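# Residue-level structure breakdown
Each chain, letter by letter, is given below.
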Amino acid sequence: MSLAYRRHLPIIITFIMGIIMILQYFIVPKQPVEPYQITMQKVGETLTNWANLLAAFTIGFGMVNIALIHSRHVSRKTPGQWYYSAWLLFVAVIMVIVGIGGEPALGINVSKYQYDWMTTYVFAALSGTMYSSLAFYITSACYRAFRARTIEATALLIVGFITLMSRTPAFQAYLPQVIEVADWINKYIVKSSFRGILIGGALGAILLGIRTLMGMETGYLGRRD
Amino acid sequence: MIVSGRFMEFVALILIWVLAMIAIDKIKKGWTVSFRRIAGLDALEEAVGRAAEMGRPVHFTSGLNSLTGTWAPLTVAGLAVFGEVARLCARYRVPVIYSVYGTQVIPIAHELYKQAFLAEGRPEEAKPEEAIRYLSSSQFAYAAAVQGIAERERPAANIMVGPFYAESLIFAETFYRVGAIQVAGTARLYQIPFFAIVCDYVLIGEECYAAGAYLTKDPAHTGSLFVQDLGKMVAIVLGVIGALLTTAGTKAIVEFLKL
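Procedures and definitions
- Residues numbered from 1 in each chain as written.
- Chains lettered and ligands numbered in written order.
- Predicted model: local features only at pLDDT ≥ 70, side-chain atom pairs only at ≥ 80, totals over all residues.
- Heavy atoms only, no water.
- Axes fitted to C-alpha atoms, helices over the stretch in contact; angles between N-to-C directions.
- Helix = DSSP H or I, 4+ residues; strand = E, 2+ residues; numbered from the N terminus.
- Parallel < 35°, antiparallel > 145°, perpendicular 65-115°, else oblique.
- Left-handed = near helix turned anticlockwise from the far one by under 90°.
- Contact = heavy atoms within 4.5 Å.
- Nonpolar A, V, L, I, M, F, W, Y, C, P; charged D, E, K, R; others polar.
- Domains from an automatic or database assignment.
- Salt bridge = Lys/Arg side-chain N within 4 Å of Asp/Glu carboxyl O.
- Polar contact = N/O pair within 3.5 Å; in protein donor to acceptor, adjacent residues only side chain to side chain.
- UniProt positions renumbered as here; feature names shortened; annotations may be inferred.
- Buried < 20%, exposed > 50% of the residue type's maximum accessible area, 1.4 Å probe, protein only.

- Identification of chain B as DUF6754 domain-containing protein from Thermoproteota archaeon is taken from an unreviewed UniProt entry.

- You'll find chain A entered in an unreviewed UniProt entry as DUF998 domain-containing protein, with Thermoproteota archaeon given as the organism.

Laid out in structure tokens, this is it:
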């Protein structure tokens with residue numbers, strides 16, 4: 001494979017596509033009127049569709065990756081792992097079969113109810129369980145964070161206490177001034193800090209974009225040169 | 001031709017672009033610029049070294065990554081850090097586990113991993129099919145799978161750079177419990193406090209985007225870091241002027257930026 005093909009072609013494609021998308025943002029309004037605006041909008045939409053289509057192709061990589069890793073665990077009987085892998089492969093196959101069997105777009109509708117049932121009562125329930133477990137992690141993180149060991153930790157403890165108390169019914173009923181203090185902290189101190197981080201992040205993203213378009217950032221191509 | 005309200009954005013972009021090119025050119029010609037150290041990125045070697053001493057793997061995640069969404073730049077930044085982590089792991093012969101959420105990064109991660117081992121002169125030791133693990137593209141299924149890896153394989157170091165959502169604290173707390181040293185970075189505002197509380201080192205916002213440049217120490221990258229800092233100074237000056245003018249009763253600076 002020639003150097004031009006491996007190194008320069010992807011960067012040239014990235015540059016042209018990137019410039020088109022940047023121009024589209026700056027010259028196409030929400031309601032395009034001029035012919036050039038309509039053309040640019042169509043070009044932008046087409047490129048976005050291509051990107052999504054290419055991204056969809058990579059699902060195959062994921063399927064192969066999962067099948068290889070977990071079938072290896074099962075065949076090697078990896079201690080503490082193989083039964084999870086076997087269960088994962090079994091459930092994955094079941095979901096694929098039931099999913100295809102219930103796909104109206106393919107003209108098949110024999111297992112739509114079963115697919116919906118599994119999605120609602122198994123998958124969604126498990127996801128909800130994981131999400132709700134976050135409450136315990138937040139509690140344990142708070143326990144460690146809210147210890148007045150340094151000046152910064154003390155400030156965090158005081159602000160955290162005020163914010164937490166402002167959300168409790170007792171303080172809302174008997175000491176509503178706490179709510180005003182918490183709102184003031186959120187409105188001025190927190191928001192201004194967030195804006196600082198946001199501006200820095202935006203500048204970083206812009207320069208990373210410029211480096212990418214100029215072929216100086218090649219990590220997305222899978223190389224570090 | 002430029003859409004109303006986006007003129008100043010366009011001017012700012014062109015200005016940043018031109019300044020970046022000038023700075024890169026000057027640095028290539030020998031101009032030296034010094035930067036503050038980024039503790040989180042300096043700590044990568046310490047984290048991998050610790051894993052080598054303990055004989056345990058290093059875990060890496062780029063969060064709920066995507067190369068087609070709003071957070072694609074952050075995913076690219078995460079991949080740059082993964083390239084460096086893989087190189088360090090190859091050097092110290094430490095197994096690395098990259099838990100993948102979005103399938104788009106799998107081929108890129110494979111290539112970065114192989115390149116890292118090649119760069120360290122150990123291409124035969126690369127095992128991308130064991131290191132790069134696609135888990136799930138569903139947020140909490142992914143979170144559960146990462147937790148499983150943490151509990152079963154007990155990595156000595158956990159490095160997280162990318163877009164994180166509600167699962168960030170689940171990861172940080174789980175790896176804290178298994179005793180892993182943690183380096184975490186994201187530009188997602190609501191997850192930064194979680195990382196700041198639980199992790200040993202934190203990359204805040206722009207530090208993640210600077211990672212690739214900082215780690216490679218390439219003159220071309222140093223130039224863009226210089227412009228990044230210059231941009232921050234301009235933003236601070238504009239912010240102060242804007243605050244003073246608004247207090248004085250005029251919104252001239254706001255109107256100017258809205259052009």
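## Things to note about the packing of helix 4 (residues 82–101) of chain A against helix 5 (residues 112–132) of chain A
Residue and element names in this part refer to chain A.
- Orientation of helix 4 relative to helix 5, taken along the N-to-C sense of each, is 135°, at an axis distance of 8 Å. Taken together, the axis directions place helix 4 and helix 5 in an arrangement best described as oblique. At the point where helix 4 passes helix 5, the crossing takes the left-handed sense. Two secondary-structure elements touch here, helix 4 through Ile94, Met95, Val98 and Gly99 and helix 5 through Gln114, Tyr115, Met118 and Thr119.
- Of the residues in the contact of helix 4 with helix 5, the class split is five nonpolar, three polar and no charged.

## Remarks on the domain arrangement of chain A
- Domain annotation for chain A reports domain 1 (3–57), domain 2 (60–132) and domain 3 (146–213).
- When each unit is reduced to the centre of its C-alpha atoms, the spacing between domain 1 of chain A and domain 2 of chain A is 36 Å.

## Here we look at the interface of chain A and chain B
- In this complex, chain A contributes 61 residues to the contact, which on the side of chain B involves 69 residues.
- Summed over the shared surface of chain A and chain B, the result is two salt bridges.
- Its salt-bridge partner being glutamate 130 of chain B, residue arginine 76 of chain A comes within 3.8 Å of it at the nearest N-O pair.
- In this structure, the connection of chain A to chain B is made through 14 residue pairs in polar contact (both at pLDDT 80 or more).
- Residue assignment for the side of chain A that touches chain B shows that the elements contributing at least two residues are helix 1 (3–27), helix 2 (35–57), helix 3 (59–76), helix 5, helix 6 (134–145) and helix 9 (177–213) of chain A.
- Here the side of chain A that touches chain B takes 15 residues from helix 9 of chain A, the largest share from any one element.

## Some words on the UniProt feature "transmembrane region" (unreviewed entry) in chain A
- The feature "transmembrane region" (unreviewed entry), as annotated in UniProt, sits at residues 9–27, 47–70, 82–101, 121–143, 155–174 and 194–214 of chain A in this numbering.
- Measuring from the first to the last C-alpha atom of residues 9–27 of chain A gives 27 Å, for a span that is 100% helix and 0% strand.

## Focus on the UniProt feature "transmembrane region" (unreviewed entry) in chain B
Residues and elements named next belong to chain B.
- Taken from the UniProt record, the annotation "transmembrane region" (unreviewed entry) applies to residues 6–24 and 233–254.
- Regarding residues 6–24, the helix share stands at 95% and the strand share at 0%, and the terminal C-alpha atoms are separated by 27 Å.
- For residues 233–254, helix accounts for 82% and strand for 0%, while the C-alpha atoms at its two ends are 18 Å apart.

## With respect to the side chain of glutamine 228 of chain B
- Take glutamine 228 of chain B: it is sitting in helix 11 (residues 219–247).
- Owing to a relative accessible area of 2%, glutamine 228 of chain B belongs among the buried residues under this scheme.
- When sequence neighbours within four positions are dropped, the list of residues in contact with glutamine 228 of chain B reads Gly200, Leu203, Gly204 and Leu207 of chain A together with Glu206 and Ala210 of chain B.

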